[in-house]
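A structural walkthrough
What follows is each chain in one-letter form.
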Amino acid sequence: MNNSWWRNAVIYQVYPRSFLDTNGDGDGDLPGVIERLPYLKSLGIDAVWLSPFYPTPNKDGGYDVSDPRGVDPRFGTLTDVQKLIESAHELGLRIIFDVVPNHFSSDHPWFKSALSSPPGSPERARFHFFDGRGASGDEPPNNWNSLFGGPAWTRIAESDGSFGQWYLHLFDASQPDLNWANPEVSLDFEKTLRFWLDRGVDGFRIDVAHGLAKDQILVDHRDPKSLSQALRLDFVGMTQESRAGLLRDVPFFDREGVHDIYRAWRKLFDSYDGDRMSVAEAWVYPSSRAARYVRPDELHQIFNFDFLMIDWNSDVIREAIERTLSEVAAVGAPATWVLCNHDSPRIVTRLKDANRARALALLTHSLPGSIYIYQGEELGLEDGSISDEARQDPMFFRTHGIDKGRDGCRVPLPWDAAMPNFGFSSQDPWLPQPAQWAKQSVNSQEVDPESFLSFYRKSLALRKSHPALNHETPIIWHHAPKGVLHFEREWGLVVVVNTTDYKVEIEVSATSNILHISRSGVHLANGHLKLPANSTVWLES
Ligand code: GLC
Ligand code: CA
């Protein structure tokens, strides 16, 4: 189906804990999301993706799920979820939920019964339990590290109190990995997917989609140092080849077995009406291997994280756009573009410059495929600066503070400059908000036509109304001076990006008009275009 809604959609990520708190406990909740659906609609988006709201001890921001078919009371009730889906649909918005199939929380009843059952029992076989190495079994079964730092194995005490087996956790020790070779696990996930599909959800974001299959579980990695480096997923400034080199032999990523899982899931999605979709969070290089997740009988989309890490360099950006478009086209899938999410520094913080962030955003909004926007991105927020005492991310604790973790991009949203906690909550938010966010609150920006918010609203509105943008027309590149990108989308949209720190002048068609700009100072007369440093312009010709 080439006119499927998700192919060229704008999808907005809500991190519910930081969105809006309606009951004054300092944590955002589902009634808060319902209350602000009209705001989300006003941005010109097509769908809302919610990070997890399931019951959780909250050791990893809810990505430690203790009941995948429930709702954590901190976020609300199942009735709230139902109301959220219905209210979104009434406004013409789709709803996507997060599923976390790589692991459960150690609070999940399955893990508790695994702990109280003996080695070799069916209860343990849902996870990866093994005896330790060494004479007394006090060394982990292999040398793998956790993505959050430290070993990927934790030793348990058996029910008689003796030192026991070890279990695998690619993330925090509170997130035991599930054993996908066990059919009980796939059956339980099918139940979860059906549970939410039956309630009307339009799609799923699949957490750590490349990690489920582990076929070399007791094999040591030959170089733990390069494994740690690969697991930090910190690829800023690295070429595709070096990313691929690092990730190629991570023994628990991108194994062939994951594709069987997604083929089965695709059949399940297709058995439902209503054009349901799925998007994989899968860190896979080279990117040609990522495209294998979106073959016609597998998932619908895979996040393309290139822009999350991209250098502000026109050659690098053009290479990423061309490669992405050709790789997904080869399997018939649409591209995706991501500037921010709940795991990464915000774009203004990363590029250290609001003009560059706006220019990259306007470029991104002009590309064919789906765009993912993380809450607060439309406000041009920067990461909050958080004291070590206030930090909550397990990454911070497991690396003993060497890695500060991801709390900075999770600070609760500023809605109203005049209200306590900028209208997020009547009580202290779970992470402190920067004082300068008063100027960046939604209500301050709504009345300012030059604001980040007004700028995002305009480009997203044009993405809906302009024939060159509201479907997946191809890109035609034009020759451009060094540091400049110049291309055209069929049906008369021309995009010019100046990544340099100086003004550039280029010739465009004499009949062009300016449609949208990322900053002031753009001049166009008789086809002579002057662009200020670090800017993007959309022209109509
Ligand atoms: C994904 C999530 C991240 C979480 C991890 C473990 O990468 O985006 O927030 O910590 O998976 O579930
Ligand atoms: Ca609340």
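Residues numbered from 1 in each chain as written. Chains lettered and ligands numbered in written order. Predicted model: local features only at pLDDT ≥ 70, side-chain atom pairs only at ≥ 80, totals over all residues. Heavy atoms only, no water.

Considering the side chain of Gln-301
Checked against the element boundaries, Gln-301 lands in strand β9 (residues 301–302). Engagement of the side chain of Gln-301 in a polar contact is seen with the side chain of Tyr-372, the distance being 2.5 Å. (Helix = DSSP H or I, 4+ residues; strand = E, 2+ residues; numbered from the N terminus. Polar contact = N/O pair within 3.5 Å; in protein donor to acceptor, adjacent residues only side chain to side chain.)

Focus: the site of ligand 1
Lining the immediate surroundings of ligand 1 are 14 residues, of which Asp-60, Asp-207, Glu-281, His-342 and Asp-343 lie closest. At 3.0 Å from an oxygen atom of ligand 1 is found a side-chain nitrogen or oxygen belonging to Arg-205. His-342 has a polar side-chain atom sitting 2.9 Å from an oxygen atom of ligand 1. Summarising the interface, the protein chains cover 96% of the accessible area of ligand 1, which totals 310 Å² for the free molecule. Looking at the shell around ligand 1 residue by residue, the classes come out as four nonpolar, three polar and seven charged. (Near = heavy atom within 4 Å. Areas by Shrake-Rupley, 256 points an atom, 1.4 Å probe, with all protein chains shown as cover. Nonpolar A, V, L, I, M, F, W, Y, C, P; charged D, E, K, R; others polar.)

A short note on the packing of aromatic side chains
Given two aromatic rings, their pairing is described by the distance between the two centres and the angle made by the two planes. Overall, the coordinates contain 38 aromatic pairs when judged by the stated rule. Their ring planes at 90° and their centres at 5.8 Å tell us that Phe-53 and Trp-196 sit as a pair that is edge-to-face. Note that Phe-53 is positioned in the loop between β2 (47–50) and α3 (78–90) and Trp-196 in helix α5 (residues 183–198), a separation of 143 residues in sequence. Look at Phe-53 and you get buried, because its relative accessible area is 0%. (Phe/Tyr/Trp six-rings, centres within 6.5 Å; stacked < 30°, edge-to-face > 60°. Buried < 20%, exposed > 50% of the residue type's maximum accessible area, 1.4 Å probe, protein only.)

Notes on the coordination of the calcium ion (ligand 2)
Donor atoms from the polypeptide that coordinate the calcium ion (ligand 2) comprise Asp-21 (OD), Asn-23 (OD1), Asp-25 (OD), Asp-27 (O) and Asp-29 (OD), at 2.3 to 2.4 Å from the metal. Judged by its relative accessible area of 35%, Asp-25 falls in the partly exposed class. You can call Asp-27 buried: its relative accessible area is 8%. (Donors = N, O, S within 2.8 Å, 3.2 Å for Na, K, Ca; no water.)

Considerations on the pairing of strand β3 (residues 94–99)
The buried fraction of β3 is high, at five of six residues. Bridging between β2 and β3 involves four bridges; their strand directions are parallel. In the strand pairing of β3, Trp-49 is matched with Ile-96. The parallel pair β2 and β3, bridged by α3, forms a crossover whose chirality is right-handed. Both β3 and strand β7 (residues 203–206) contribute to a ladder of four bridges, which runs parallel. Within β7, the residue paired with Ile-96 across the bridge is Gly-203. (Pairing = 2+ DSSP bridges. Right-handed = clockwise from strand over helix to strand, strands pointing away.)

A look at the pattern of salt bridges
It is possible for side chains of opposite charge to pair when their charged atoms get near one another. The tally for this structure, following the rule as stated, stands at 39 salt bridges. With a closest N to O distance of 3.1 Å, Asp-188 and Arg-69 form a salt bridge. One end of the pair, Asp-188, is in helix α5; the other, Arg-69, is in the loop between β2 and α3, and 119 residues separate them in sequence. Looking at Arg-69, the relative accessible area reads 22%, which means it is partly exposed. Among the ionic pairs, Glu-281 bridges to Arg-205, the shortest N-O distance being 3.7 Å. Pair noted here: Glu-281 is in the loop between β8 (277–280) and α9 (287–290) and Arg-205 is in strand β7, with a separation of 76 residues, a long-range link. Judged on exposure class, the residue Glu-281 and its partner Arg-205 are both buried. Among the charged side chains, a salt-bridge network with shared partners connects Asp-60, Asp-343, Asp-393, Arg-406 and Arg-410. (Salt bridge = Lys/Arg side-chain N within 4 Å of Asp/Glu carboxyl O.)

Don't take any of this as a statement about function, it's just geometry.
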